[in-house]
Amino acid sequence: MKKNTLIFVLFGFILSLVSSCSYFKNVQLLTGGKIKRENYVQVLPFEWRKDLIVVKARVNADTTLREFIFDTGAFNSKVENSLSNTLGLKVVTQKINSTAQGISQKIEVVRIDSLQIGVTTFYNIGAGKLRYAPTSLSHCIAANGIIGANLIKLAHWKIDYEKRLLYFSDTPFEVEEGSYVLPFDRPLLSGTPKVNIEIDGKKVENILFDVGFNGGLVLPLSVANHFEDNHPRIILDQSTSGIYGTNADSLLVKSLEVSVGGAKAQMPVEFSSLNKALLGNEFLKHFMVIINYNKKEIYLKQQHEVHVAAPRNFMASIENDSLWVVSRTTPEMPLRLGDTLLSINEKKPGDLFTSHCDYFMNIARLFEQENLRIEKMDNSIINIALQKELLNND
């Protein structure tokens, strides 16, 4: 065997060993979490921010309660990088982490010795070190990270959206009469639930039941031709932000009858070129939700009539204090994704918002009028009429 070939083979063998070692360390972290408390029911109030659940938790011996997004769609938990460094969390391994925006990154994984939620403590929890992208707005919701499904799978849960209460216990919660039953599958190493639903009477499989997603129902664009709508809409979008920022997407929007475990609603369904398959809080917030990890069943007790707002045809993000940038448009509009704009309704970003987080949390200020007067960089003017329903469902 030639010397160069031998070096190549040895190098490949070493890489394989490193990869295997990393994999087994991740497996140990994902299977090592536990709760030592028995016969308990923990009740916890949560903050409701931009249709996401935010809970407070204490990491190790930290003297401050930190804020985390509660996210059944996150395979593992996350802790913000600078907080991890401040608390001296030990890096155990690395892994590739992907988001619904189709963005992947290699991240370091740390071990949290204890994470206390209410008076209940979770032990030996793996968490990725989270470095928010500059274009990410997730830190505006909860700056310290994500409670993911590797922790969530260790208990049974009840979410009362109406009263803003989160319950968890080592015993499954009692199911109210009249609740809809939704079986789910989950991976061996985490608790991310995937469900099947019906759309116009047709079964659609492997949809992530994702309370870390503040939208309604998103499906892969590849299945859109199975469902008929006489008035579909095409939207070009780069307004949706995850922890690693935004990604350009093409959406086909159809109004369809959706049945989730028997709970039916006529609602807009977005078909995404990024191949997302997510059911989120815009639908789920109308129900009391119970997750039983023993039976692998989700129960939905309807509290309100389901109404899911249609997505906006137009969005603009902040380029800087003086310029807007188009982050959502349609093929019919004379605007492309990434176009910069001088003003909207004669307002520059700095006239309405003090920061990107202020923009994200208070974007309704941008849509206070039914008609938008947009000034392009060449000083030409475009007028866009907005539907009232979109104005009233920010």
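We now turn to the structure provided with this report. Remember, it's a predicted structure, so these values are computed and weren't measured experimentally. (Residues numbered from 1 in each chain as written. Predicted model: local features only at pLDDT ≥ 70, side-chain atom pairs only at ≥ 80, totals over all residues. Heavy atoms only, no water.)

Ranked by internal contacts, the top residues of the largest apolar core, which has 63 residues, are Phe-70, Trp-157, Phe-209 and Leu-217. With 5 residues, the top contributor of residues to this core is strand β21 (residues 263-272). If near-sequence neighbours (up to four positions away) are discounted, Phe-209 is found in contact with Thr-72, Gly-73, Leu-182, Pro-193, Val-195, Leu-279, Leu-284, Val-289, Ile-298 and Leu-300. The next biggest cluster of nonpolar side chains, apart from the first, holds 30 residues, and it includes Leu-52, Met-315, Met-333 and Tyr-359. (Core = buried A, V, L, I, M, F, W, Y, C linked by side-chain atoms within 4.5 Å. Buried < 20%, exposed > 50% of the residue type's maximum accessible area, 1.4 Å probe, protein only. Helix = DSSP H or I, 4+ residues; strand = E, 2+ residues; numbered from the N terminus. Contact = heavy atoms within 4.5 Å.)

Within the element layout of this structure, Ser-136 appears in the loop between β9 (120-130) and α3 (138-141). For Ser-136, a relative accessible area of 1% gives the class buried. Polar contacts involving the side chain of Ser-136 include one to the main-chain amide nitrogen of Ser-138, which spans 3.2 Å. (Polar contact = N/O pair within 3.5 Å; in protein donor to acceptor, adjacent residues only side chain to side chain.)

The next thing to look at is the pairing of strand β26 (residues 324-329). Along β26, 6 of the 6 residues are buried, which leaves the element largely enclosed by surrounding structure. Note that strand β17 (residues 233-237) and β26 share 2 bridges and pair antiparallel. Note on β26: the bridge partner recorded for Leu-236 is Thr-329. One ladder, built from 4 bridges, connects strand β25 (residues 315-318) with β26; its direction is antiparallel. Bridging across to β26, Met-315 finds its partner in Arg-328. The loop that links β25 with its antiparallel partner β26 comprises 5 residues. (Pairing = 2+ DSSP bridges.)

Working note: non-glycine residues mostly have negative phi, and peptide bonds are mostly trans. The backbone of Asn-39 sits at a positive phi, close to 55°, despite the residue not being glycine. With respect to the secondary-structure elements, Asn-39 resides in the loop between β1 (34-35) and β2 (41-45). Positive phi, close to 60°, is recorded for Asp-51, a residue that is not glycine. Position of Asp-51 among the secondary structure elements: in the loop between β3 (47-49) and β4 (52-59).

With the rule as written, the count across this model stands at 1 disulfide. In this model, Cys-140 is linked to Cys-357 through a disulfide, with the two sulfur atoms separated by 2.0 Å. Where Cys-140 bonds to Cys-357 through sulfur, the torsion about that S-S bond is close to -80°, and the disulfide is left-handed. Taken together, the residues Cys-140 in helix α3 and Cys-357 in helix α7 (residues 356-361) connect sequence positions 217 residues apart. With a relative accessible area of 14%, Cys-140 lands in the buried category. (Disulfide = S-S within 2.5 Å.)

Another aspect to go through is the pattern of salt bridges. Applying the stated rule across the entire model yields 9 salt bridges. A salt bridge links Arg-373 to Glu-346; its shortest N-O distance comes to 3.8 Å. Of this pair, Arg-373 sits in strand β28 (residues 371-376) while Glu-346 sits in the loop between β27 (340-344) and α6 (349-352), placing them 27 residues apart in sequence. On the accessibility criterion, Glu-346 (60% relative accessible area) is exposed. Arg-365 is the partner of Asp-358 in a salt bridge, and the nearest nitrogen-oxygen pair spans 3.1 Å. Judged by its relative accessible area of 14%, Asp-358 is buried. Shared partners join several salt bridges into a network, and the residues in it are Asp-51, Glu-282 and Lys-285. (Salt bridge = Lys/Arg side-chain N within 4 Å of Asp/Glu carboxyl O.)

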